[in-house]
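Results of the structural survey
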Amino acid sequence: MTDGDGAGTGDGTGGGGGSAPRVWSRPALAVLVAGAVGLVTCTAGFLGALFLHVAPPNTLYQRYQKQVDGVVYPEFEQNWKLFAPDPLQQNVTVDARVRTAAGTGGWIGLTAQDIAAIRGNPIPSHLDQNLLRRAWDFYDSTHSNQDDSATAPNGGLAQEYLKRIALQRIGRAAGGDPVTAIQFRSGTREVAPPPWSRESWSTQIQYRELGWWPVTDQDYRGLR
Amino acid sequence: MSQSETGGGADGLVAGAGAGADGLVAGIPRQAAPPKVDQPVDQPVAGLVAGPVALARPVLGAVPVVRLADRIEAAVAGGFHTFTGRVLGPYQAATVRIGFALVFTLQLLREWPHRRVLYGDRSPWGLDLARQLLAGNHAFTVLVWSDSRWWFEAVYLFAVLAGILLMLGWRTRATSVLFMVAVLSLQNRSVLIGDGGDNIVHLMAIYLVFTRCGAVWSLDARRRGRGPGRVGHDVAGVLLWAALGGLLAAAQLAGRVDWLGATWPYLGWGVVFWTLWAVAGAWYAVNRWWPQSEPRAVLDALATMLHNCALLVIAVQVVLVYSTAGWYKVQGSRWQDGTALYYPMHLDYFAPWPWLSGVLGTSAVLVFLLSYGTVLVQVAFPFTLMNRRLKNVLLAVMMLEHLGIAVVLGLPIFSLAMITADAVFLPTAALVWFAGRVRRTARWGRAPMLRLLR
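Residues numbered from 1 in each chain as written. Chains lettered and ligands numbered in written order. Predicted model: local features only at pLDDT ≥ 70, side-chain atom pairs only at ≥ 80, totals over all residues. Heavy atoms only, no water.

Further remarks concern the overall build of chain A. Along chain A, the regular secondary structure elements total six helices and six strands. Across the 224 residues that make up chain A, the buried fraction comes to 43%. In chain A, of all internal contacts separated by at least 6 residues, the share reaching a separation of at least 24 is 57%. In the structure as shown, chain A presents an accessible area of about 11200 Å², 54% of it carried by carbon and sulfur atoms. (Helix = DSSP H or I, 4+ residues; strand = E, 2+ residues; numbered from the N terminus. Buried < 20%, exposed > 50% of the residue type's maximum accessible area, 1.4 Å probe, protein only. Contact = heavy atoms within 4.5 Å. Areas by Shrake-Rupley, 256 points an atom, 1.4 Å probe, with all protein chains shown as cover.)

What follows is the structure, given as structure tokens:
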């Protein structure tokens, strides 16, 4: 009953390949036609919703936004703008430093740790390739880059997440003293133009420093 | 299409074993039109319309000039017959099943050392954060049901087991649902650590539930092949069904599964799971006690229709991936000037072998050809589905490109997922040939292994 059922068993009930069509009773035919119409309608509606979800903003989507979003979210969400419209052309790094009773420590290259783990690794882990990278994207997309205020309802989650990623790596103490505050900075460096290109631009790293965030025991819950 | 292709053994294989997704996509629009039997039948539709053509042929032979209405009627009847009576692309569905189960299982095993940080009790994305996000988006995951480390470990192990069982095709109908639960649970709990590969696994895990993906290349198929008598006394199946019903009832009573969804169309997971469970029970009952009855035939036809719709969704989903990726690139200035692929190779996160990226990035001609070729292939792919040979060439190119991405950009699991998605469009003959190669290699590898074990 829980197996792949009788497809291909060739018992002739459903008719396979070129066999003669089964003669259905009237109620059976009614069920089948209703089933066929229902399935085809649902399939068409579903595919239409998927199409409107991945298509650029358009009038049809605006009109049926509630229905399209209802079908697509949360389980059928997708983004296939892979390297589009243009690939990312800058290396973004995230560094953190902590403050203890003894003073302020030096910058710790969190992204640099990721890159070191990826180098020479044929199967990089999501831990190194996605965790911090996407957490920073999440923070960046939910905060103003002028004054670091949250611009989206999930801004608080993004900040807490980023903080905990760094604290997990740094630990509870620095130089023997407990960590009391943490600060992040992101560095953006343009990828140099290809050697044959006539374009040129600066590849100096541009830093953006965030403010100091207090650290409490509560921030370490669950972290080892 | 070449005569050697249509006249050879491959044709019989394709026509007999189901047209495959290539037939599905290329064929369905043509169903509406009356089949042209006076011309050589196009290869892509040969498998799919074998039924309708066979039906229409005597009529056309007897009366040279047939009224349009009759031809449309014959086509509609033939289409309905195919839609209700033929499981299209059984080998393609099995490929999707095995491929994505393999991708997910490999991913779980690869992340085994990091599982607690990525999905479990040590995650910086703690369950309190995850619950806040889930309260807003209503995604399904069993991992928020308990904070216990052991609940997480059990779910992770269960996910590995579901992946392996789905690969093997053991009680495929039930296992595909368990696999979907495993995939959604892990991915929705830590939605911020996935990439495109996880996204496509997520989608396919849901679509697979509605296919007859265990019709071939499965333990189920082997069991059915041993004789119809055994199907009636499926003790393991009954126990599994009863156990899953009990678990579902427990989850429902604990208030973990809702009848109603939070947003339009207000469909809760409770309705989905109980419907699947009830249908599995009904299917067992009719097979056990009324194997020759019409209700069994009706259920069989409904399952076939559902399979055919789900396989169409899978095929269109893959087309949407490439169309979106291609069409949005057309607007990009770096894709236009032919330097686009130079940049991802110089992103530190996607350069496990900097020297390799460096070598590939030194040639303007190579980068230009690869960049333009990528856009061309992605944009053109949906349209080449109308032409079998062109489509197969493009598939080969896309698979090669994904092999390249696997190595150069350090994305092997993403690439394997995309190659599996591409394989939906491979002809049945190619899939059967590949399976034969795998089987031979396995047999060849088994002899020395057995010697070692002895």
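This part covers the overall build of chain B. The helix and strand inventory of chain B stands at 23 helices and zero strands. Taking as baseline every contact in chain B between residues at least 6 positions apart, the subset at least 24 positions apart corresponds to 74%. For chain B, the exposed area adds up to about 19600 Å²; of that, 70% sits on carbon and sulfur atoms.

With that settled, consider helix H7 (residues 90–110) of chain B. For H7(B), spanning 21 residues, the distance from its first C-alpha to its last is 30 Å, which sits close to the expected 30 Å at 1.5 Å a residue. By the criterion of burial, H7(B) is predominantly enclosed, with 16 of the 21 residues buried. (Expected span 1.5 Å × (residues − 1).)

Before going further, it helps to spend a moment on a positive patch on the surface. On the surface, B:Arg437, B:Arg439, B:Arg440, B:Arg443 and B:Arg446 cluster together into a positively charged patch. Examined against the element boundaries, B:Arg443 turns out to sit in helix H23 (residues 428–453). (Patch = residues over 30% accessible without salt bridge, like charges linked within 9 Å, V, L, I, M, F, W, Y side chains within 5 Å. Salt bridge = Lys/Arg side-chain N within 4 Å of Asp/Glu carboxyl O. Lys, Arg positive; Asp, Glu negative; His and termini not counted. Charge placed at Lys NZ, Arg CZ, Asp CG, Glu CD.)

Interface size is often expressed as the accessible area that is lost when the parts come together. Listed as interface residues are 121 residues of chain B and, on the opposing side, 101 residues of chain A. Across the chain B/chain A interface, buried area totals approximately 9500 Å², and carbon plus sulfur atoms make up 64% of it. Its largest share of buried area at the contact with chain A, chain B owes to B:Trp264, B:Tyr328 and B:Tyr349, together 10% of the area lost on that side. If you look at where chain B meets chain A, you find three salt bridges. (Buried area = accessible area lost by both parts, 1.4 Å probe.)

Right, let's talk about the packing of aromatic side chains for a bit. Applying the stated criterion across every chain yields a total of 26 aromatic pairs over all chains. An angle of 85° between the planes, with centres 6.0 Å apart, marks the rings of A:Phe46 and B:Tyr207 as edge-to-face. A residue pair is termed interchain when its members come from two chains, as with A:Phe46 in helix H1 (residues 26–54) and B:Tyr207 in helix H12 (residues 196–208). Of the two residues, A:Phe46 and B:Tyr207, neither departs from the other in class, the shared state being buried. Centre to centre, the rings of A:Phe138 and B:Trp125 are 6.3 Å apart; their planes meet at 70°, and the pair counts as edge-to-face. Of this pair, A:Phe138 sits in helix H5 (residues 126–141) while B:Trp125 sits in the loop between helix H8 (115–118) and helix H9 (127–137), on two different chains. Each of the two residues, A:Phe138 as well as B:Trp125, counts as buried. One residue, A:Arg185, lies across the ring of A:Tyr207, its end atom 3.9 Å from the ring centre. Seen from the ring of B:Trp283, B:Arg212 lies directly overhead, with NZ or CZ sitting 5.9 Å from the centre. (Phe/Tyr/Trp six-rings, centres within 6.5 Å; stacked < 30°, edge-to-face > 60°. Lys NZ or Arg CZ within 6 Å of the ring centre and 35° of its normal.)

By size, the foremost hydrophobic cluster in this structure holds 131 residues, and its most contacted members are A:Tyr161, A:Ile182 and A:Phe184. Counting residues in each nonpolar core, the second largest holds eleven residues, with A:Leu32, B:Ala301, B:Met305 and B:Cys309 among its members. (Core = buried A, V, L, I, M, F, W, Y, C linked by side-chain atoms within 4.5 Å.)

Right, let's get into the pairing of strand E5 (residues 177–190) of chain A. Residue and element names in this part refer to chain A. For strand E1 (residues 90–100) and E5, the ladder comprises eleven bridges, and the chain directions are antiparallel. Within E5, the position partnered with Thr100 by the bridge is Val179. As judged from the two bridges shared by strand E4 (residues 173–174) and E5, these two strands associate in the antiparallel manner. Counterpart to Ala174 in the pairing with E5 is Asp177. Connecting E4 to the next strand, E5, in antiparallel fashion are two residues, including Gly175 with a positive phi near 60°. For E5 and strand E6 (residues 206–214), the ladder comprises seven bridges, and the chain directions are antiparallel. (Pairing = 2+ DSSP bridges.)

This brings us to H9(B). Three or more residues of H9(B) are buried, namely B:Leu127, B:Leu129, B:Ala130, B:Leu133 and B:Leu134. Mapping the buried residues of H9(B) onto a view down its axis gives an arc of 155°, with all of them on the same face. Every exposed residue of H9(B) that faces more than 90 degrees away from the buried side is listed here: B:Ala135 and B:Gly136. Each element contacted by the buried residues of H9(B) is listed here: helix H6 (155–170) of chain A together with helix H11 (172–189) of chain B. Once H9(B) ends, the next one or two residues include B:His138, with phi positive near 60°. (Arc of directions from axis to C-beta.)

Residue and element names in this part refer to chain B. Within the secondary structure, Thr84 sits in helix H6 (residues 68–85). Under the relative-accessibility criterion, Thr84 is labelled buried at 6%. Reaching out from Thr84, the side chain makes a polar contact with the backbone oxygen of His81 at a distance of 3.4 Å. Thr84 has contacts with Ala301, Thr304 and Met305, leaving out every residue within four places of it along the chain. (Polar contact = N/O pair within 3.5 Å; in protein donor to acceptor, adjacent residues only side chain to side chain.)

A word on the packing of H5(A) against H6(A). Residues and elements named next belong to chain A. Their axes nearest at 8 Å, the elements H5 and H6 cross at an angle of 145°. Between H5 and H6 lies a crossing of left-handed hand. Residue-level contacts link Leu127, Leu131, Leu132, Ala135, Trp136, Phe138 and Tyr139 of H5 to Leu157, Ala158, Gln159, Tyr161, Leu162, Ile165 and Arg169 of H6. Within the contact of H5 with H6, the residues separate by chemical class into twelve nonpolar, one polar and one charged. (Axes fitted to C-alpha atoms, helices over the stretch in contact; angles between N-to-C directions. Left-handed = near helix turned anticlockwise from the far one by under 90°. Nonpolar A, V, L, I, M, F, W, Y, C, P; charged D, E, K, R; others polar.)

All right, on to the state of the cysteines then. Under the defined criterion, the tally for this structure stands at zero disulfides over all chains. Unpaired in terms of disulfides, A:Cys42 finds its nearest cysteine sulfur in B:Cys309, a separation of 8.7 Å. (Disulfide = S-S within 2.5 Å.)

Right, let's talk about the pairing of E1(A) for a bit. On a regular strand, one side chain projects to one face of the sheet and the next to the other, so that they alternate. Residues and elements named next belong to chain A. Pairing of E1 with strand E3 (residues 108–109), which is carried by two bridges, proceeds in the antiparallel orientation. Its bridge partner lying in E3, Ala96 is registered against Ile108. Pairing geometry for E1 and strand E2 (residues 103–104), over two bridges, is antiparallel. Residue pairing in the sheet places Arg99 in a bridge with Thr104 of E2. In this antiparallel pair of consecutive strands, E1 and E2, the connection spans two residues.

A word on the pattern of salt bridges. Residue and element names in this part refer to chain B. All chains considered together, the criterion is met by 20 salt bridges over all chains. The partner of Arg149 in a salt bridge is Glu153, and the shortest N-O contact between them spans 2.9 Å. Taken together, the positions of Arg149 and Glu153, both in helix H10 (residues 149–168) and four residues apart, correspond to about one turn of that helix. Ionic pairing is found between Asp220 and Arg223, a salt bridge with its closest N-O pair at 2.8 Å. Here the residue Asp220 and the residue Arg223 both occupy positions in helix H13 (residues 219–225), the gap between them amounting to three residues, near one helical turn. Salt bridges linked by common partners bring Arg171, Asp220, Arg223 and Asp234 together as one network.

Time to look at unusual backbone geometry. The phi angle of most residues is negative, glycine excepted, and most peptide bonds adopt the trans form. With an omega dihedral of -5°, the bond running from A:Ala84 to A:Pro85 counts as a cis peptide bond. Summarising the element assignment, A:Pro85 is placed in the loop between helix H3 (65–72) and E1. Of note, the amide linkage connecting B:Trp264 to B:Pro265 takes the cis form, showing an omega dihedral of 5°. Looking at the element boundaries, B:Pro265 is found in the loop between helix H15 (235–253) and helix H16 (269–289). We note that B:Arg171 has phi near 45°; this positive angle belongs to a residue other than glycine.

Structural measurements only, silent on function.
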